[in-house]
Amino acid sequence: MADAKLMEKLVSLCKRRGFIFPSSEIYGGLGGFWDYGPLGVALKKNIKDAWWQDMVIDPPDGPDGRQVEMVGLDCTIIMNPNVWKASGHVGGFSDPMVDCRTEGCKSRIRADQIDQTPCPLKPSKCAGQFEKCDLTEPREFNLMFQTYVGALQDASAVAYLRPETAQGIFANFKNVLDTSRVKLPFGIAQVGKSFRNEINPRNFTFRSREFEQMEIEFFCDDASAMDWYRFWRDTRYNWYVRHGLKSDKLQLRDQTEDERAHYAQACADIEYLFPFSEEMQELEGVAHRGCYDLGKHQEHSGKDLTYFDDDRWQADAAQYKGDKDAAKKAKENPPYRFLPTVIEPSAGADRATLAFLCEAYCEDQAPDDKGNMQTRVLMKFHPRLAPIKAAVFPLMSKGEMPEMAGRLYRQLKHRFNVAYDDKGAIGRRYRRQDEIGTPYCVTIDGDSLEQGTVTIRDRDTLEQVRVQADDVAAWLDERVR
Ligand code: GAP
């Protein structure tokens, strides 16, 4: 069930506590563009870092039981426009849209979303249902942002802001192959901004015009491609579950043949039930893309993008001993030389951030300073993703407690993003941290001065444990990394 109220509360909390603001808000904002505030930037960075650590630095073992080989890349946002001709984005990256010709409206609406889009002149009705609506026939609208490179602003200078990070990886496939000593199967990963001139940006950051992607292009031979497809599909789904997206709101859905691109042999969407929608929505896609992309870039660039399987050749070379022509011919063809097959897990960093925010929002009843039960708002982030890992409080703001708390805070700050707060009643300080999802609050009290211990309060269970002040860093390390 859609929960508009929950979404409203979340958007308001994001603004109030500094997670997400409308971009250039002092000038009225700009539809589909969002800024991340101090806590939002920390949350999104933790998500991207966790993805990089778990997918690139230390991925799980592959279906062949071996360490998965991954390298990273960071390509430019503006590339040679021929990249986008080869990939099909110039010709085909479009949404069908209709215009309303009515004076005072002149809106542009996605043709497939007319029945979900309120009429700007009469929002109680959907577009096309108000008697004054005068809609055109659907026309294709390219989603790429155009710009010009250099001093001239004519057709020869047109370039595009990338609508996905993937093509930079394909365009650099040969560079990586020639410089990194990688061997099939291996993956190239990239995290970066993408831009799409979405016709109806909506649902907070879910459909934005500027967003970040976390993409992997995994190259393998065709025989093992389905095993790698299943590996990445399950690895990616489990990653979300492990970081706290409840499995009843998360689903892995295999696309039907009709839904898939003609070159895709399999495709699965990882979907999440966002509070703004009745239906599960795409969080990430995992696609078996065959050798379509490398094939297109090879065709358009005229450069050889094939892979030569030297290990296999060395194993078989003896067969061709004494027949140089047969050896030469064999080396230029499969199974020795071929275009690799690609498995692509493609995630949105902003969509993942939004899903983790939605999942974390929670209200419960907890006692205030006087023991009265009050409604408490808390963000139950997974400790690894939480923007602030711990807050350090001196129970009293005067005397020796702040001194000891300050020492502990500085010690922890070397290793974790921690906060210090000595303002107001302790209950209120806890609430402030609960609302931004800080998993642990460390309090220095009278016993701390005498025994060198502190209390650590758990955000979710409210349980408190006493720990030696010197052990707090190790205690936190075990729980937040
Ligand atoms: N290279 C494949 C590709 O780009 P996609 O399904 O168009 O596939 C991948 O995008 C992911 O990027 C989506 O699952 C979503 O998480 C994110 N994404 C796409 N468009 C977005 C938008 N307008 N706003 C926010 N995230 C978006």
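Check the entry above for the structure.
Each chain has its residues counted from 1, running along the sequence as written. Given that the model is predicted, a residue must reach a pLDDT of at least 70 before its local features are reported, and side-chain atom pairs must reach 80 or more before they are shown or counted; all residues, however, enter totals for whole chains, interfaces and linings. As a rule here, side-chain values cover all heavy atoms of the structure and leave hydrogens and water aside.

What am I meant to see in the state of the cysteines here?
Two cysteines joined by a covalent bond between their sulfur atoms form a disulfide. Note on disulfides: each one is a pair of cysteine sulfur atoms within 2.5 Å. Summed over all chains, the structure comprises zero disulfides. In this model Cys 362 remains outside any disulfide bridge; the closest cysteine sulfur is found in Cys 358, 13 Å from its own. When a residue's accessible area, from a 1.4 Å probe over protein chains only, is under 20% of the maximum for its type it is buried; when over 50% it is exposed; and in between it is partly exposed. Classification of Cys 362 by relative accessible area gives partly exposed; the value is 22%.

How should the site of the ligand be read in this particular structure?
As a structural note, the neighbourhood of the ligand is formed by 19 residues, with Glu 164, Arg 196, Glu 198, Glu 215 and Glu 282 the closest of them. A 3.5 Å cut-off defines polar contacts: any pair of N or O atoms within that distance qualifies, except that in protein one atom must be a possible hydrogen donor and the other a possible acceptor, and neighbouring residues in sequence count only when both atoms are side-chain atoms. At 2.5 Å from an oxygen atom of the ligand is found a side-chain nitrogen or oxygen belonging to Glu 282. Taking Leu 283, its main chain carries an N or O atom lying 2.9 Å from an oxygen atom of the ligand. With residues, only the protein chains shown are counted as cover, and all accessible areas are computed by Shrake-Rupley using a 1.4 Å probe. Burial of the ligand by the protein chains amounts to 88% of its free accessible area of 550 Å². Secondary structure elements are taken from DSSP: a helix is a run of H or I of four residues or more, a strand is a run of E of two residues or more, and numbering for both begins at the N terminus. Only strand 10 (210–220), strand 13 (281–290) and strand 16 (341–348) provide two or more residues apiece to the shell around the ligand. Looking at the shell around the ligand, the element that brings in the most residues is strand 16, giving four residues. We call Asp, Glu, Lys and Arg charged. Ala, Val, Leu, Ile, Met, Phe, Trp, Tyr, Cys and Pro are nonpolar, and the rest, Gly among them, are polar. In terms of residue class, the shell around the ligand is built from five nonpolar, five polar and nine charged. Being near a molecule or strand, for a residue, comes down to having at least one heavy atom within 4 Å of it.

It is not clear to me how the packing of aromatic side chains should be interpreted in this structure. Could you clarify?
How two aromatic rings sit relative to each other is given by the distance of their centres and the angle of their planes. Side-chain rings of Phe, Tyr and Trp, where Trp is taken by its six-membered ring, are said to pair if the distance between their centres is within 6.5 Å; with planes under 30 degrees apart they count as stacked, over 60 as edge-to-face, and otherwise as tilted. Overall, the coordinates contain 26 aromatic pairs when judged by the stated rule. Judged by centre distance (5.5 Å) and plane angle (40°), the rings of Phe 186 and Phe 219 are tilted. Here Phe 186, found in strand 9 (residues 186–195), pairs with Phe 219, found in strand 10; they are 33 residues apart in sequence, far enough to count as distant. Like Phe 186, the residue Phe 219 is buried in the burial classification. Ring geometry for Phe 393 against Tyr 430: centres 5.6 Å apart, planes inclined by 55°, an arrangement best described as tilted. Residue Phe 393 is located in strand 19 (residues 390–394), and its partner Tyr 430 is located in helix 13 (residues 426–435); the two are separated by 37 residues in the primary sequence. A single burial state applies to Phe 393 and to Tyr 430, both of which are buried. Aromatic rings pair up to connect Phe 170, Phe 173, Phe 186 and Phe 219 into one cluster. Lying over the aromatic face of Phe 206, Arg 351 brings its terminal NZ or CZ to 3.7 Å of the ring centre. Looking at Arg 457, its charged tip hangs above the ring of Tyr 430, at a distance of 4.2 Å from the centre. Whether a charge sits over a ring comes down to the Lys NZ or Arg CZ being within 6 Å of the ring centre and within 35 degrees of the ring normal.

Honestly, unusual backbone geometry in this entry has me stumped. Any pointers?
Only a minority of non-glycine residues have a phi that is not negative, and only a minority of peptide bonds are not trans. Cis geometry marks the peptide bond from Leu 184 to Pro 185; its omega dihedral reads -5°. Mapped onto the elements, Pro 185 comes out in the loop between helix 6 (173–180) and strand 9. Note the cis peptide between Pro 334 and Pro 335, where omega equals 5°. Mapping Pro 335 onto the fold places it in the loop between helix 10 (324–331) and strand 15 (337–338). The backbone phi angle of Lys 106 is positive, close to 50°, even though this residue is not glycine. Relative to the assigned elements, Lys 106 resides in the loop between strand 4 (94–99) and strand 5 (108–110). When its relative accessible area of 52% is taken as the criterion, Lys 106 is described as exposed. One non-glycine residue, Arg 181, lies in positive phi territory at about 60°. Mapped onto the elements of the fold, Arg 181 is located in the loop between helix 6 and strand 9.

Help me understand the pattern of salt bridges in this model?
Side-chain pairs of opposite charge can arise where the charged atoms are in close proximity. The term salt bridge refers to a pairing of a side-chain nitrogen on Lys or Arg with a carboxyl oxygen on Asp or Glu at a separation within 4 Å. With the rule as written, the count across this model stands at 43 salt bridges. Glu 259 is the partner of Arg 253 in a salt bridge, and the nearest nitrogen-oxygen pair spans 3.0 Å. Look at the salt bridges and you will find they share partners, linking Lys 44, Lys 48, Glu 212 and Asp 350 into a network.

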